[in-house]
Structures are given as structure tokens and as C-alpha cells.
Amino acid sequence: MTNRANRLAACALMVAALAYGLPSRAHAQMGASPARPWMDKGASAEVRTQRLLAAMTLDDELRLAFGYFSADAPWKHYRRLPGGIPQSAGYVPGNPRLGVPALTETDAGLGVASQPGEHPNRATALPSGIATAATWDPKLAFTAGRMIGREARDHGFNVMLAGGLDLVRDPRGGRTFEYAGEDPWLAGTMVGAEVRGIQSNHIISTVKHFAFNDQETDRTRLNVEIDPLAGRMSDLLGFEIAIQEAHPGAVMCSYNRVNGIYSCQNPWLLDTILKGSWGYRGFVMSDWGGTHSTIAAANAGLDQDSGYPFDRQPYFGAPLRKAVLEGKVSRARLNDMAGRILYSMFANGLFDYPVRAGEPIDFAADGAASRADAEAGMVLLKNADGVLPLAHSLRSIALIGSHADAGVLAGGGSSRVYPPEGFAVYDKTVPNGPLAYLRSSPLAALSSRTRAHLSYDDGADIRRAAQLATRSEVAIVFAHEWAAEGMDDTGWLDGDQDLLIAAVAKANPHTIVVLETGGPVLMPWLPAVQAVLEAWYPGNRGGEAIARVLTGEVNPSGRLPLTFPRTLEQLPRPVLDGDGKPDGRDGPVAVNYGIEGAAVGYKWFDRRHLEPLFPFGFGLSYTRFTSSDISAHASAGGIAVQFQVRNVGAYAGAYVAQVYVSGPTLAHWPASRRLGAFEKLELRPGESRQVRLQVDPRLLAVHAKGGDGWTISAGEYRVVLAQDEATPVAAVSVRLPAQRLPEMLPVP
Ligand code: GLC
């Protein structure tokens, strides 16, 4: 859009918003009254929805289907809406006459985010989504979600655009840091827990981006080609599990096309699967600029057009009214659109617990929750000669690179959170930036936890850094790879950090690398260093979290939620599809997910007999665990597994029990072994515990081709207890009968 068009659109936006009624005192006094039977808290969400719909006019219903972007966005000449609305990604005006609250929508899965502008919302920054997934602890994910959801509420937001769980089909995906890895069971379970935590604050959360938005290059032009069955058993299975676990109030459809049709007007995705097979009762909102029509989108299952003026036209504004009046979108369909939105609002408490901006936030307590998440998600990848935890006797330690004296890296894009303490580094010159380091210094945190003399070098001069390493007993290189929405990574560390690490390791054999990355990176220097800790983007208490793990205050317990490849040639697409031309100017860019189909991540490596650098589920500890006495039997359509785990080392620590399954059903299915169940448990030195896990039947089955439900073939199924996907510890076989399973199974 031209600048003039943008300004005109922005003016139209303000006029429209004023016409629709901005927040006022009336909103704050919304509450039950005889004239409003829908405010009866004793009635079900369904009944309340029907009562309210009965009182609505055509325009009342239309008002719900059209959302605005309400933030200062200089790069698009957008201005936030007048009337005191919190600066936010989305705004759907309320309806004072009927007591319908406005929808105030904030990003995202890492905390209350803000657009880069003068007055951002101040909030606690969680570690990245991949870090939370690396905790393999749904309870921690729930706690993290509950915390950011409460901060959203305290800012006056009643919708949180979180729940990113597109599978990591390529580790270079620019939003890998926001997502939950490569396995549908782990991703669906972890994101489902976080979304449940967010919604526990009586606000709506989303899951996104539905579906197959698995790379950023040309994200609005991609046409994802994938066999429907393979889709159901990979990306869509992750969404099914998260939706079943958390009942998110909304699902956000994605920018890309799937098999030729934009996701936000794709009947197969929105109607056949989401609302049909899965019986989803909430509403589908578009991504910002993801709507491309009025009639096709409404009739395919899109319920709300988000973020105007990101779209080329106000598709669900006046054009939708015209389409309904002309019968091209039925009144019943509009009723369904409005009904789904109202149902989610009733079901999640938006009417009964209206949010109010300006509530106090306990940033100390919330920062502690962020730090706990970061610590539990850090993955110890190498620890030769037990160089970690750092010895108390050390007298000199060099810290090198990545602003380790001042802060820790955060990812870029709509998920960026602006903590109350601001940033240590905020570089607006970076393409797709700003690039930000959160103000949480590993150097400061370490200095209060060691008697050693600490020196810092920024790593800009490799020779100088190597000289400092020579003069120190231990050298710790903090290495970064910055990732951001809207662009994919290279798979390598930024700049010449590989050379820096190699030079430091040559200068000092006791070299440790701390990675601050959005996802996997290649490590040509790995043999030369003694230890590697993957810290991901560790949130606004990340410097402390890193120091507590390095010094042994915390025993690292993270496990990889995705495979680290040895080379890019091992990947299904060694060169990412797409040409990176400006979005929207040219035709669709084909990306063929049929290469790997449902064999995403470790399943691809297994199928191709490839050895990764680090396998899915990998992670070391400062202590050691043994497991024994595994047994398993058919149960509830799946398999029940039990075994003993003992901590045989000197440190307390957390063990991640992982069970992988394979069997005849899978023999002819490309994906051989699959994660069937997992549990994280804390054990003191010497403590042992019996673990009982239940394998969800869908992980033993193949989805019905072209229809609903799952099929398990009769035969022997192998159940493997493993340290990680590539390291079996014990195995048993279980005989299962042939079974047909319904689509949506009760959550085990
Ligand atoms: C962005 C993202 C989406 C975000 C939305 C609102 O383009 O794709 O994740 O929630 O717009 O900022």
C-alpha cells in the first residue's frame, strides 16, 4: 500500500473505531441485569451465546468479525486507536448496548509484547518457546503461561496471541525460537499446557499458525504441498493435541497456502478438519494480513478478520455486510461466526471477569518464574572432564563475546517483549530488527557466584580475545545466532564466531561455549571445546539462569526438542525454498513437504539412517541416572509402561523419561519410531522412583486416509525406554489387537 493509502486507511480506521464505540465508563459497569439474560453465570456458554445472538442485529454480529491493529507502527504509518485503548496488536470494538466487552489482543507466547514504538507495554520476558519446550515439563509450561496471561490481564488485554506450535521441519526456520520443536506429541503437550495456563486468567489464548507455516522465507507467498494423510500425522497432530489439551478460545490461520489455497480460506483446514473432525467450537482469526477475500474466506470457515489495515481491503468490514445482504454469505454463517466468538468469550470468562488496564504487576515474582523456566530448559550438550560445574577453586575466568557483560539475546518480531528494566542493547539498524539484548548480565551474575577473577572481552578482535583466554584458567565464549520473524536463519552462528571459538579453544583447552541461539546451529569447533551449554534465548532473568547452571546452583535438565544436524545436507531441503522477493509482488512459491511427509525431524534422520550432531531428546546432567524393570501392557487402546529410575550420582537433578514406540502399523508408514510418552521427575542422590506412563493410541496408529479416526494394526509393538531418541536403554514388546479409534481421544 502507498503511504497516502496507508494514511487514508488509518483515518478510516479511526472513524470506524469511533463509530463502533470506544471503551467508556459503560464498559466498566457491564454486569448482570434482567434485560441481559446472557449475563446469567449459571447458564452454559452455549445457552448464553444463543441468548445474546437472539438480541443482536446484523450490524452487532458484523462488528465481532472485524478487528483492527492498534499500535504506533511507524514503519507502516499506522497509529494506535484513540480513546485510551492499550497499544496492542489487535482490537475488536465492544458493544455497550449489549454489554459485549471489546477484544483487546496482545502478542504473544513469550510475554506481553509490543510493537517497536515510543511507549511499549512493560512486561516480563519469558525465555523462548523452544526453551520452554526443552524443559519437557508441562507443569512449568502451565506456570509460565499463567504468569504471562496474568500480566496480559493486568495490562488490560483479554486475548493473548500465543500458542505458536508450527512443527520445526527446518531448524533454520526464523520462528523456531517461538515454537516447540519437531515432534507433535511434545509440541502439542507443551503448548497446550502453556495455553491452559494463559486461559486460567479468564482470558482467551490462540494456537497458531494454522497450518504448516514452517518457514519464514516468502511466508505470505508459500504454497505448501503436502499429502493430507502426512499432514494429519505431523503438523496437524500437534495442533489436535494442543487443542484437545487446552481448548484455546481461538485458532489463528496462517499466511501461507496449503495445497494451493490460502490457509485462511481453506475449507479442508478450517471446516473439514478443525471444525469438522475435531469439533472445534471456538473461532478462527486470521493472521495480520492473512485474509485474502470476503466470500471465500467466510464460507471456508474464517470467523474474524484481524489487524486491519494490514489487509489490502477491509474484507470483513463493509464487503462482508454486502455479501450477507446479497446472500453470498448466508445469515446462518454470519450467525455461526458471531456465535463462535461469543462462545469463546463466555467460555473463557471475558464477560464475567472483565479486564482493567493498569493493574499492578509483581515483576520480581514474575521474573523468578521466567528464570525457573530458563534454567529448566537449558541443555548441556557437552561436558568433557566434568569441567562444569565450574570449580570453586578457579582463580581466573575469561568471558568472551555476545555482550556477556551486559545481557542476553532475545528473538525479533511480533513476540518481542519490553521488560521494565529496558534493554542492554537495542539495535534498530539491523534488517528485520530491532535486535535486542535483555538487561541480564551473565558477568554480573557470575561475579556474585565465584571467587575467580572475571575478565570480559567483546570478542570483536579475535587475537585479543585469544590472548585473554591464554591468561585465564577457563574461557567461556558466549556465542549467538539472532533469529526473527519474517526471515530464516543460515544454520550457522552469526558473523565470524566460529573462528572466534576456534581461536579461543586453541589458546585455552578449557574452553566452554554458551549458545544463545533461536535453534540448532552447526558447530565445526565442537571437538576443540570442553563443554557446550545451549541456553537458547533465556528471557529477562537469563543471565542469572546461565550463571546458576554454570556454577552448579542448578543442575541442567533440559532435553533437545529438535534435532541438531551435523550438516545442512542432512536436511530434507538443504537449500530452503523461496527467493525472498518482497511479499505479495509475485506468484506463489512452492515448498514440497512431501519430501519428508510426516517424517519430520528425528523421523527423517531415522528413515535416512543419518547420524545427527545431537539427537532429539538429548541432554546431559551433572548427575547420573539408571533405569530398570521396564514392563508394558495394552491399556486404554494404547500401551501402559512402567519402570524404575534411580539417581546414582552426587547431585540432585531432574530426569526426563522418554518412551519411543514402533510397530507393525508403522512398518509401512515412513515414520518408524515415535515419541510415545515422557515425564520429567526430580530425584535426590540415591533416590529411586517407579514411573508409569501411558502411550496415546494415536502414536501407535495411522490416520484414516481421507476420513476421520485412526487405525492400529494387530501385532507386536516395540516399546523403548530411552535416554534420547538415539540412545535406547531398555525395550519390551507388547501385542496389540487391531483397533479403529475415533478422531479426538480423551486426554490421557
Ligand atoms: C504477525 C504474526 C502473528 C502475530 C500477529 C499480530 O504477523 O505472524 O504471530 O500474532 O502478526 O502481531
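Bear in mind the structure is a predicted one, so any value in this text is a computation, not a measurement. (Residues numbered from 1 in each chain as written. Predicted model: local features only at pLDDT ≥ 70, side-chain atom pairs only at ≥ 80, totals over all residues. Heavy atoms only, no water.)

Comments concerning the state of the cysteines
Point 1. Taken as a whole and assessed by the stated rule, the structure comprises one disulfide.
Point 2. Shown here is the disulfide that connects Cys253 with Cys264, its sulfur atoms set 2.2 Å apart. Taking the sign of the S-S torsion, 110° for the link of Cys253 and Cys264, the bridge is right-handed. Of this pair, Cys253 sits in strand β7 (residues 250–253) while Cys264 sits in the loop between β9 (261–262) and α10 (267–277), and the two are eleven residues apart along the sequence. (Disulfide = S-S within 2.5 Å. Helix = DSSP H or I, 4+ residues; strand = E, 2+ residues; numbered from the N terminus.)

Let's talk about the site of the ligand
Point 1. The environment of the ligand is formed by 13 residues, the closest being Asp107, Arg175, His209, Tyr255 and Asp287.
Point 2. Within the side chain of Arg175, an N or O atom sits 2.9 Å from an oxygen atom of the ligand.
Point 3. In the model, an oxygen atom of the ligand is placed 2.6 Å from a nitrogen or oxygen of the Asp287 side chain.
Point 4. Relative to its unbound accessible area of 310 Å², the ligand is 95% covered by the protein chains.
Point 5. Classifying every residue of the shell around the ligand gives five nonpolar, two polar and six charged. (Near = heavy atom within 4 Å. Polar contact = N/O pair within 3.5 Å; in protein donor to acceptor, adjacent residues only side chain to side chain. Areas by Shrake-Rupley, 256 points an atom, 1.4 Å probe, with all protein chains shown as cover. Nonpolar A, V, L, I, M, F, W, Y, C, P; charged D, E, K, R; others polar.)

Remarks on helix α12 (residues 318–325)
Point 1. Buried within α12 are the following residues: Leu320, Ala323 and Val324. Along the axis of α12, the buried positions cluster into a sector of 100°, meaning they face one direction only. In α12, those exposed residues whose orientation departs by more than 90 degrees from the buried face are Ala318 and Leu325.
Point 2. On its buried face, α12 is in contact with α4 (58–64), α11 (295–300) and α13 (331–347). (Buried < 20%, exposed > 50% of the residue type's maximum accessible area, 1.4 Å probe, protein only. Arc of directions from axis to C-beta. Contact = heavy atoms within 4.5 Å.)

With respect to the packing of aromatic side chains
Point 1. Scanning the model with the defined rule gives 19 aromatic pairs in all.
Point 2. On the numbers, 5.3 Å between centres and 80° between planes, the contact of Trp136 with Phe678 is edge-to-face. Separated by 542 residues along the polypeptide, Trp136 in the loop between α5 (129–133) and α6 (138–154) and Phe678 in strand β25 (residues 674–683) bring together distant segments of the chain. Each member of the pair, Trp136 as well as Phe678, carries the same accessibility label: buried.
Point 3. Following the ring pairs from residue to residue traces out a cluster consisting of Trp136, Tyr602, Phe616, Tyr660 and Phe678.
Point 4. One Lys or Arg, Lys41, reaches over the ring of Tyr353 and ends 5.9 Å from the middle of that ring. (Phe/Tyr/Trp six-rings, centres within 6.5 Å; stacked < 30°, edge-to-face > 60°. Lys NZ or Arg CZ within 6 Å of the ring centre and 35° of its normal.)

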